[in-house]
Amino acid sequence: MKEWIKTYIPDKDLYFLPENKLAPFKDYLSSVLVIPHEEFMNHSSYKQVQLANSYEYWNLSKEVKYVLVTPPGWVNHLPAEKKIDLFHIQMEVGRGLVHPISDFSVDTSFLSQNMIEVKGEEHVVLHKAMWEELSYTSKEELMTDIAQQWEDWTCYDYPIQTPSHLIKYANTFPSTAGSNCLSATLFAISQQEWMIHEWVHPKTFLQSLENEYYYEITSQDIKAGDVVTWENSDGIIQHASYCIEDHFFFNKRGQTFFNAWSIVHLADLKEEWGCYSMKIFRKAV
């Protein structure tokens, strides 16, 4: 929890603007970097996995043309109406760190200076300066609620046959972002602990399966030690998981630190990923 609180709100505040929304802020940009969105997405400084996860780059509108990279507190020096306008734009373009107040189980009145109303519902826009002003208890309560928006905290006990190297991680959360389903699966088959913390991509994953002598089978009869993948219509892996025994799997749902390494049932995996093509890989003997 301490690591989540420390890193979930990045040190740099990012605000995303469509092309026609930049001009209204032109008088307030002297201490800001205005980066064209295409350049921003190719910039190594802003490809960091935690920035991507916090601001949810994948949800951003295609209308975004500029990114304002601002120091903490810059937004608080805007005239009140400009601040509200900027927050509304962030909601419209799909920026991360914007949450409906209804998602929180605690009193959020202390966040009123950072709230906007959209279609009758209040949302809070999180940024570094306001986060730093909160008490640790408030941060902890908010972080708990935010984490449970990513996935519910339910899982199965690990089976008796669970390999010992998986028991350490089963039904626990990472403290840093990056680990994804592919790295969790590679750790399961390789027992290389450092791999579980990597952000592995599909081609690397398939090469690693080959290196570990896994091959695709035609049977749909899954057994312990098998790797199951789900691919889209272009043949790109969308998810992978490792079978521990029967229908129980060692699994990670996404690359955020809110996604646990958990024990799940095959039925749960099929429900979530069933729209994709399932393949089964087995280690050669």
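A short tour of the structure in this document, coming up.

Definitions and limits used
- Residues numbered from 1 in each chain as written.
- Predicted model: local features only at pLDDT ≥ 70, side-chain atom pairs only at ≥ 80, totals over all residues.
- Heavy atoms only, no water.
- Pairing = 2+ DSSP bridges.
- Helix = DSSP H or I, 4+ residues; strand = E, 2+ residues; numbered from the N terminus.
- Axes fitted to C-alpha atoms, helices over the stretch in contact; angles between N-to-C directions.
- Phe/Tyr/Trp six-rings, centres within 6.5 Å; stacked < 30°, edge-to-face > 60°.
- Buried < 20%, exposed > 50% of the residue type's maximum accessible area, 1.4 Å probe, protein only.
- Lys NZ or Arg CZ within 6 Å of the ring centre and 35° of its normal.
- Lys, Arg positive; Asp, Glu negative; His and termini not counted.
- Salt bridge = Lys/Arg side-chain N within 4 Å of Asp/Glu carboxyl O.
- Polar contact = N/O pair within 3.5 Å; in protein donor to acceptor, adjacent residues only side chain to side chain.
- Contact = heavy atoms within 4.5 Å.
- Disulfide = S-S within 2.5 Å.
- Arc of directions from axis to C-beta.
- Core = buried A, V, L, I, M, F, W, Y, C linked by side-chain atoms within 4.5 Å.

## Quick notes on the sheet that holds strand S2 (residues 33–36)
The antiparallel open sheet is built from 3 strands, whose spatial order is S1-S3-S2. This sheet does not close on itself; its edge strands, each paired only once, are strand S1 (13–18) and S2. With direction set aside, neighbouring strand axes in the sheet form an average angle of 25°. As paired elements, S1 and strand S3 (residues 64–70) share 6 bridges and run antiparallel to each other. Within the sheet, the bridge partner assigned to Leu14 lies in S3 and is Val69.

## Comments concerning the packing of aromatic side chains
Within a pair of aromatic rings, the relevant descriptors are the distance that separates the centres and the angle that separates the planes. This structure, assessed with the given rule, holds 15 aromatic pairs. For the pair Trp4 and Phe258, a centre-to-centre distance of 5.0 Å together with 90° between the ring planes defines the contact as edge-to-face. Remark: Phe258 occurs in the loop between strand S10 (248–252) and strand S11 (261–265) and Trp4 occurs in helix H1 (residues 2–7); sequence separation between them is 254 residues. In this pair, the class of Trp4 matches that of Phe258, namely buried. Pairing Tyr169 with Phe187 gives two aromatic rings, centres 5.4 Å apart and planes at 80°, and the pair type is edge-to-face. Of the two residues, Tyr169 is situated in the loop between helix H7 (164–167) and helix H8 (181–190) and Phe187 in helix H8; the sequence distance between them amounts to 18 residues. In this pair, the class of Tyr169 matches that of Phe187, namely buried. Put simply, the rings of Trp4, Tyr8, Phe173, Phe257 and Phe258 pair up and form one aromatic cluster. Over the face of the ring belonging to Phe25 we find Lys82, whose NZ or CZ atom lies 5.7 Å from the ring centre.

## Some remarks on the side chain of Lys139
If you trace the backbone, Lys139 turns up in helix H6 (residues 136–150). Buried charge Lys139 goes without a salt bridge, the closest partner of opposite sign being Glu132 at 4.4 Å. Separated by 3.4 Å, the side chain of Lys139 and the backbone oxygen of Trp131 make a polar contact. In this structure Lys139 touches Ile5, Trp131, Glu132 and Leu134, once residues within four positions along its chain are discounted.

## Topic: the state of the cysteines
Across all of its chains, the model carries 0 disulfides by this definition. No disulfide involves Cys243; its nearest neighbouring cysteine sulfur is the one of Cys181, lying 16 Å away.

## A closer look at helix H10 (residues 266–273)
Looking only at H10, the buried set comprises Leu266, Leu269 and Trp273. All buried residues of H10 lie within an arc of 60° about the axis, which places them on one face of the element.

## Section: the nonpolar core
Tyr8, Leu14, Phe16, Tyr57 and Trp74 are the most contacted members of the largest nonpolar core, which totals 52 residues. When sequence neighbours within four positions are dropped, the list of residues in contact with Trp74 reads Tyr15, Tyr28, Leu29, Ser31, Val32, Leu68 and Leu86. Formed by 24 residues, the second largest nonpolar core is a distinct cluster that contains Phe187, Ile196, Ala240 and Phe281.

## Remarks on the sheet that holds strand S6 (residues 121–125)
Pairing is antiparallel in the open sheet, where 3 strands are placed in the order S4-S6-S5. With one partner strand each, in any of the chains shown, strand S4 (98–100) and strand S5 (115–118) form the two edges of the open sheet. Each strand of the sheet is rotated relative to its neighbour by a mean of 35°, with strand direction disregarded. Here 4 bridges tie S5 to S6, and the two strands are oriented antiparallel to one another. Along S6, the bridge assignment pairs Ile116 with His123. The strands that helix H4 (residues 80–93) touches are S4, S5 and S6; relative to S5, the one it contacts most, it runs at about 60°.

Such coordinate-based values are descriptive only and should not be taken to indicate function.
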